[in-house]
Amino acid sequence: MTNLDVSSPDRAAVVEHWYRHRTAIENIFRDGKLGAALRHLPSGYLQVNTAWMWGSLLAASIAGWLHQLTALPGPGGRLLGHGIRGGQAMIATLRHRLIRIPARLIRHAGALDLRLPPGYHLLKQILVRLGALPATS
């Protein structure tokens, strides 16, 4: 950091902004390690480990999209997640509250119905939100 130009207040503000936001990638790596199997690469072959890494980072990206779909607007318009760490949902929490839910798909009165256990309403809310999204062409 000592090599960066902080000779004026404007340049110092830019350096401070960079310094405070540099850790975003570290959060992605932590989520990749703890929630998307990037903790250990399974093979001695570079190509296999590269595919494993890309799959893990893709899972982390999908978790970010799920956070955007599940988050609720809070004060100031900031999205508040369901497994909050600085306002962002972690992969493990999303998996626990959204993906790893025991449910039954039943047919009732000619329509499919998703029966969720008591207390698991987030999945149904998300499916309603997805249905309300505008169709793309």
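These remarks concern the structure in this document. (Residues numbered from 1 in each chain as written. Predicted model: local features only at pLDDT ≥ 70, side-chain atom pairs only at ≥ 80, totals over all residues. Heavy atoms only, no water.)

## Some details on the environment of L98
- Along the chain, L98 turns up in helix α4 (residues 91–99).
- Leaving out residues up to four positions away in the same chain, L98 has contacts with L66, T70, L122, L123 and I126. (Helix = DSSP H or I, 4+ residues; strand = E, 2+ residues; numbered from the N terminus. Contact = heavy atoms within 4.5 Å.)

## As for the pattern of salt bridges
- Per the counting criterion, the structure on display carries 2 salt bridges.
- The closest approach of N and O atoms between R11 and D5, which form a salt bridge, is 2.1 Å.
- By relative accessible area, R11 is classed as partly exposed at 45%.
- Relative accessible area serves as the criterion here: at 37%, D5 is assigned to the partly exposed category.
- A salt bridge links R115 to D113, with the nearest nitrogen and oxygen atoms 3.2 Å apart.
- On the basis of relative accessible area, R115 is assigned to the partly exposed category, the value being 36%. (Salt bridge = Lys/Arg side-chain N within 4 Å of Asp/Glu carboxyl O. Buried < 20%, exposed > 50% of the residue type's maximum accessible area, 1.4 Å probe, protein only.)

## Notes on the side chain of N49
- Of note, N49 is situated in helix α3 (residues 46–70).
- Given a relative accessible area of 13%, N49 falls into the buried group.
- From its side chain, N49 meets the backbone oxygen of S43 in a polar contact 2.6 Å long.
- Not counting chain neighbours up to four residues away, the residues in contact with N49 comprise L41, P42 and S43. (Polar contact = N/O pair within 3.5 Å; in protein donor to acceptor, adjacent residues only side chain to side chain.)

## With respect to α4
- Within the sequence span of α4, burial applies to I91, L94 and L98. Projected down its long axis, α4 shows its buried positions confined to an angular sector of 60 degrees, all on one face. (Arc of directions from axis to C-beta.)

Geometric values such as these leave the question of function open.
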